[in-house]
Amino acid sequence: MSVFSLCWVRRLACGAVGAALLSLSAPAYANNYSINIDAPPEAKALLEQYLDIVRYRSREDIRDEYLDFLIDHAAEQAASLLATKGYFNSRIMIIDDRTGKTVGTDAQLSATQAAQATRSFGRSVELQDAGSEAETATPAVSKLPSYTIKVELGEQAIVRSAKLDMQGLITQQDPQRANDLVFDWSLQEDEAFTQNDWSLAKTLLLRKIRSDAYAGARFRSTEALVDLPRTGVDVSAVLDSGPYFTLGDVEVSGLRRYRSSIVTNVNTIEQGEAYSREKLLAYQKRLQDLPYFSNVVVDINPDPNDAQLTPIKVNVIELPSSNFKGVVGYSTDGGFHAKTQYSHYNVFKRGWIYDIRYDWQQKERIGQTSLTTPQNKNHYQWSLFAKVDDDRTLDVIDRTSQVGLHYSRKLERTSVSYNLDYYNSRLDEFRSRAWVLSVDWSKHNVDNNSYPRQGYAVDASIGVASKAMGSSTNFVRSYGRYRHFFPFLKKDSLVLRAELGMINTRGDWFDVPSSLLFKAGGSNSIRGYGYQSIGDPDAMADNVVLPARYMATASAEYTHWFNNSWGAAVFYDVGSVTDDLKSRPLYHGIGVGARWRSPVGPIQFDIAYGYPRKRIAPHISIGIMF
């Protein structure tokens, strides 16, 4: 057993003895006592936080025998604490401030003596001092007990050598990874040695090797040999990788209302795949994203005797089967808004999800309802959808009704949806309808969904409508958006965005439902302009914003982060919306903004100058990017 283990075992034993003394003795010091620590700052902070005689000084039930016990063992405990920081030759003195004398028979204790606990201070010496003073002065017990702990740290130990020996199947199956683990061993020679670094090095190494395939890896031995005269430490460890783990069936516990298929159908891990902690966490996140569960834990039992096709254990805690919520807020795009929503997650007792919501905004009213099935074995789900959208951004009526049937799949980074939607639209006196067959596809490959700094995200859709299917006109609608994130310096980032939308038709634009046409402007488009305030340029000449068949925007934004919470951004947006490709007026927005990584998600506040509008406009955006 190492010197650290002995010290802490002895400390626990001393605490048990002290507790017994505390329970058997009568109170003596009603006013407690005071302790002053005379030590370098790094040692003083450690002792003030963990030394028992310091931690207990505010208690009013300290009895005389227990106070003596704390004093007797303070030097030993202090030496043990300092040893955890690599100070093995520290020297400690405890002085009674009432007499100016050192308490105990030994004025200085070395760390080695403290670790061995070769002696403790006697009660008789303190009683003798108190008695001699009583003949000429007020008895000591009538004064507030006060002590000073003086510490001389000595030289801090350094790591003289650090050796890691890898054993087990990993040396045969994946020698390169075994070599990488040895290379990544965090303890380095000639660095200061502390117990925290020693423990952290072992913990991080186990975490790395257990993250993939070798979930049962363990240390066969670890050793830290201290050379006190030279203040050097030789550390060594033998790590056994254990067997190669593969994943098997899913075993579910905690279900009461729902079928186990709701859990198992979300799993994308194939039987026989090598164990991967990252894959289990991804599976856990997909389950947590479902509306059925308040808590999900996905793990395995790393039993070396059951390494092949080891079961994936999923434990869930179910949410109530229905939920009602309301939200109020404000954004520069939609103005003040209020949303109410009711959801039921176990329709027909099959885990079908029914959802109905109404979103009231100053510039828009949206009512929608849907019925969605759980995922099947191929991770697809059906959804029946209905929506009414009343757009108030225009001075004329702009209302669209939509009914759709969607068949979609959403995985960790990609999603796809095959849709059949019927649109019935009214824009002023123009009416249009369309049956649209469409495909939506997206892929997000970023380092962080909420605060991306590196990677890319792409969204695309294409839809067709035909008069033969009951539409007002034939058309093809295409839309795409691409964002790329570039890291700069230590925390900064650059985001480039491009967006393109078009409707190809030989008919008139008003034969296409207005919600399928395009407008621009706002926080996620061209800043410096109001939400969807850029439309057909011919209509805008008459101060009317009508949607158009073509839209293209682009943006560049650089963000500098001052700390982990606050940042500042500069940006430039440009784009065009038109119904005639021969006329492509450009709209520009340039500005600065503040960024806050708030507990509820990223919050952006921007001030932008729009040209040729020649006005400054504020923009506020709240929410998770993906």
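First, a word on scope: everything that follows refers to the structure included in this document. Note that the structure is predicted; figures quoted are calculated from it, not measured.

## Describing the pairing of strand β22 (residues 492–504)
In terms of strand pairing, strand β21 (residues 475–488) meets β22 through 13 bridges, oriented antiparallel. Across the sheet, V476 pairs through a bridge with N504, a residue of β22. In this structure, the hairpin formed by β21 and β22 is closed by a connection of three residues, where L489 is found at a positive phi of approximately 50°. Sheet analysis places β22 next to strand β23 (residues 550–561), joined by ten bridges and oriented antiparallel. Paired with A498 across the strands is A554, a residue of β23.

## Some points on the pattern of salt bridges
By the definition in use, this model includes 22 salt bridges. In this structure, R220 engages D240 in a salt bridge whose closest nitrogen and oxygen atoms are separated by 2.7 Å. Placement of the pair is R220 in strand β7 (residues 218–227) and D240 in strand β8 (residues 232–240), with a sequence separation of 20 residues. With relative accessibility at 47%, the residue R220 sits in the partly exposed group. Accessibility expressed as a relative area gives 11% for D240, which makes it buried. The partner of R483 in a salt bridge is D459, and the shortest N-O contact between them spans 3.3 Å. With R483 in strand β21 and D459 in strand β20 (residues 455–465), the pair connects residues that are 24 residues apart, well separated along the chain. R483 gets classed as buried once you look at its relative accessible area, which sits at 7%. The exposure class assigned to D459 is buried, which follows from its relative accessible area of 16%. What emerges from the salt-bridge pattern is a single network uniting R527, E557, D573, R595 and D606.

## Quick word on the sheet that holds strand β9 (residues 247–253)
Hydrogen bonding along the main chain pairs the strands of a sheet, whether they run parallel or antiparallel. The three strands are arranged β9-β11-β10 in an open sheet whose pairing can be described as mixed. Where the open sheet ends on each side, the last strands, each with one partner, are β9 and β10 (293–299). Averaged over all pairs of adjacent strands, the angle between strand axes in this sheet comes to 20°, irrespective of strand direction. Inspection of the sheet shows β10 paired to strand β11 (residues 310–318) by six bridges, in the antiparallel sense. In the sheet register, F293 faces β11, and the bridge partner there is E318. Here helix α11 (residues 277–289) sits on the sheet and contacts β9, β10 and β11; the angle it forms with β10, its principal contact strand, is near 165°.

Cut-off values and rules
Residues numbered from 1 in each chain as written. Predicted model: local features only at pLDDT ≥ 70, side-chain atom pairs only at ≥ 80, totals over all residues. Heavy atoms only, no water. Pairing = 2+ DSSP bridges. Helix = DSSP H or I, 4+ residues; strand = E, 2+ residues; numbered from the N terminus. Salt bridge = Lys/Arg side-chain N within 4 Å of Asp/Glu carboxyl O. Buried < 20%, exposed > 50% of the residue type's maximum accessible area, 1.4 Å probe, protein only. Axes fitted to C-alpha atoms, helices over the stretch in contact; angles between N-to-C directions. Contact = heavy atoms within 4.5 Å.

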